[in-house]
Amino acid sequence: MEDIKLMKGNEVLAHAAVRCGADGYFGYPITPQSEVLETLTELRPWETTGMVVLQAESEVASINMVYGGASAGKRVMTSTSSPGLSLMCEGLSYLAGAELPCVVIDVSRGGPGLGTIQASQADYFQVVKGGGHGDYRMPVLAPNSVQEMNDFVDLAFELAFKYLNPVMILADGVIGQMMEKVHLSPQKPRRTEEQIRQECPWAALGKGDRKTRNIVTSCYIDPETMERHNHKLQAKYDRMEREEVRYEEMETADAEYILVAYGASSRICAKVVEDARKDGLKVGLIRPITLFPFPTDAIRQAARYAKGFLSVELSMGQMIEDVKLAVGNADIPVRHFGRTGGIIHSPREVYEALKQFMTETGGKL
Amino acid sequence: MAETPIFEVNETDANRVYARPRLLLDTTMHYCPGCSHGTVHKLVAEAIDELGAEDKAIGITPVGCAAFLYNYIDIDWVQASHGRAPSVATAMKRLCPDKLVFTYQGDGDLAAIGTAEAIHAANRGDNIAVIFINNAIYGMTGGQMAPTTLLGMKTATTPLGRDAALNGYPFKVADMLTLLDGVTYVTRQSVNTPANVRKAKKAIKKAFENSINNRGFSFVEIVATCNSGWKMTPVGANRWMEENMHPTYPLGDLKDLTVTEK
């Protein structure tokens, strides 16, 4: 029987975690995602699936708890919001360096600093470009609906174990707080220790019947070994770029102007495309679902016919750098539009900005 | 010089009085001669072996001199970021409650950058054992002041000696932890004499037993030497520790709930 509910995005993250057979969640309350931990403690999964839920003393502790669980080959996750993610960045670097699978969710809010608790998309640089130190990458999934908050948790774990790498879900305060209809996933069983020992022969679970010991580390003091390790990691990131690009297109076939937007902004931009098409304007939308790997080819393809790109983000313009790199042609104008401070741009505002952009760059109105 | 007489000895279990611990790997350690780490590593290896916990032991290594502990003892290891080993151990133990989970941390790792993680793991009563090496100095980075550095003690960052007005006081972590309800066992030991080595081993074994049997948080502080950091000979460092460290950090059990439980 289908389990259809009306729920907040953050609540759905909690349900999805339990249902996808996660072994542990470690988190610290921070607005606008505190409902994730609250919902989990209400669900009491330790009594049903045996999943561990623990409120840590800080985001520094939560990410290192995730590191501990992941070292044992467990399906573990945390969620936070922007300032909390800043504290987790050292841990993310260690997780990537030690090649540990885990899921980290950022329901982002406005910054910099303590900023505001309202929704924002100003964590793009931090999440997509690294945040922590060293040469590392993480797949980043950007949900734009409550349904995708459900679907992406399991997908993120799948990618995390496929690549032995932390996987980020970059949501925003809008997707976390809004209520929508959602089809919850069926309950998957948690893996037994025997299954984990088979699937994750690298995991530090105690030697058991193994003859040799397992060491989980990101430390390679010998320069040659360290460089080899970096090349190994890079090969994984290259494979992600080949195999894991996900995006959606809307009315791009004949589009002269392309909006590029993810998360909450992509929902707003979908309305703009509808309105523009009614007015006879050739406008389309490319919505990156994975921010890393970025849908570079899709944007470059669209750039063969397009007259301009408008990167619409709830920030001062961060993803626009990737859009420019993807367009790869200085003659095609790429512009940013977006509100910040917790203000959500309206479809009308975006449409006006688009028309202004078109006027200035020779587009037909 | 007279030739050393050679005896033919038939070594058996009955006449063997000392041997390399089975779990201690036959490799050269990176520690300076005279450092306490080697002795404590040996005790950790012996304790795990004697408890029959080789198959279920997971150690969390720190950042600092003991970061490479995983090269020396034949069990599973996880290398943690600076100070966060107790968080790593917390999750590990909660997800694998039948394992022996312990951290091994120095004074910079545990008492400076990782104070919050250590205190909160202790306060939650997580069923882990923490081995805390207190040598009152940062060894790995070249002899800077630690939170446990004694007043007046000269280090690379207190060239005139630690001044309480500037740097505060020696941090008595073990004493502080005894106040927390989640803590089962706190003891302070040293490995400067054969008798103290035996006592330290007993303490480590008890802490490991507590983790295996899920009896709360155990903390074994080892007051240790860092003769390189202190710029002393190994023998001189041992003497200096007895005369200066032990009065500030007196040895013995500070708390043991397993005694009253019995």
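Each value, and the rule that gives it
- Residues numbered from 1 in each chain as written.
- Chains lettered and ligands numbered in written order.
- Predicted model: local features only at pLDDT ≥ 70, side-chain atom pairs only at ≥ 80, totals over all residues.
- Helix = DSSP H or I, 4+ residues; strand = E, 2+ residues; numbered from the N terminus.
- Rg over C-alpha atoms; globule rule 2.2 N^0.38 Å.
- Contact = placed C-beta atoms within 7 Å.
- Core = buried A, V, L, I, M, F, W, Y, C linked by C-beta atoms within 7 Å.
- Buried ≥ 20, exposed ≤ 12 C-beta atoms within 10 Å, placed from the backbone.
- Expected span 1.5 Å × (residues − 1).
- Nonpolar A, V, L, I, M, F, W, Y, C, P; charged D, E, K, R; others polar.
- Pairing = 2+ DSSP bridges.
- Domains from an automatic or database assignment.

By the naming in an unreviewed UniProt entry, chain B is 2-oxoglutarate ferredoxin oxidoreductase subunit beta, taken from Rikenella microfusus.

In the annotation of an unreviewed UniProt entry, the entry for chain A reads Pyruvate synthase subunit porA, and the organism field reads Rikenella microfusus.

## Considering the overall build of chain B
Summing up its helical and strand segments, chain B has 10 helices and nine strands in all. A globule of 262 residues ought to have a C-alpha radius of gyration of about 18 Å, and chain B, at 19 Å, matches this closely. Across its three principal axes, chain B shows a C-alpha extent of roughly 60 × 50 × 35 Å. Long-range pairs, those at least 24 residues apart, make up 69% of the contacts in chain B between residues at least 6 apart in sequence.

## Structural notes on the nonpolar core
In terms of nonpolar packing, the biggest core is built from 198 residues, with Ala17, Val103, Ala156 and Leu259 of chain A together with Ile131 and Phe219 of chain B touching the most fellow members. Top element by residues in this core is helix H6 (residues 146-163) of chain A. It accounts for 10 residues. Not counting residues within four places of it along the chain, the set of residues in contact with Ala156 of chain A comprises Val103, Leu141, Val167 and Ile169 of chain A.

## Focus on helix H3 (residues 59-71) of chain A
Spanning 13 residues, H3 of chain A covers 18 Å between terminal C-alpha atoms, matching the ideal 18 Å at 1.5 Å per step. Phi turns positive one or two residues past the end of H3 of chain A, at Gly73 of chain A, with a value near 75°.

## Looking at the interface of chain A and chain B
Contacts between chain A and chain B engage 33 residues on the former and 29 residues on the latter. When residues of the side of chain A that touches chain B are traced back to their parent elements, those giving at least two are strand S2 (24-27), strand S3 (52-55), H3, helix H4 (82-97) and strand S9 (215-216) of chain A. Per element, the largest residue contribution to the side of chain A that touches chain B is eight residues, and it comes from H3 of chain A. In terms of residue class, the side of chain A that touches chain B is built from 15 nonpolar, 12 polar and six charged. Bridge analysis of S9 of chain A against strand S2 (residues 76-79) of chain B gives two bridges, and the strand direction is parallel. Across the sheet, Val216 of chain A pairs through a bridge with Val78 of chain B, a residue of S2 of chain B.

## Some details on the environment of Leu285 of chain A
All names here are of chain A. Here Leu285 shows up in strand S12 (residues 283-288). Residue class for Leu285 comes out buried when judged on the 24 C-beta atoms lying within 10 Å of it. With sequence-adjacent residues up to four places away left out, Leu285 is seen in contact with Met250, Glu251, Leu259, Ala261, Ser266, Cys269, Ala270 and Val273.

## So, the domain arrangement of chain A
All names here are of chain A. Domain annotation for chain A reports domain 1 (3-197) and domain 2 (247-360). Residue-level contacts link 23 residues of domain 1 with 21 residues of domain 2. Among the elements of the structure, helix H5 (124-128), strand S6 (140-141), strand S7 (166-172) and helix H7 (173-177) are those that each provide at least two residues to the side of domain 1 that touches domain 2.

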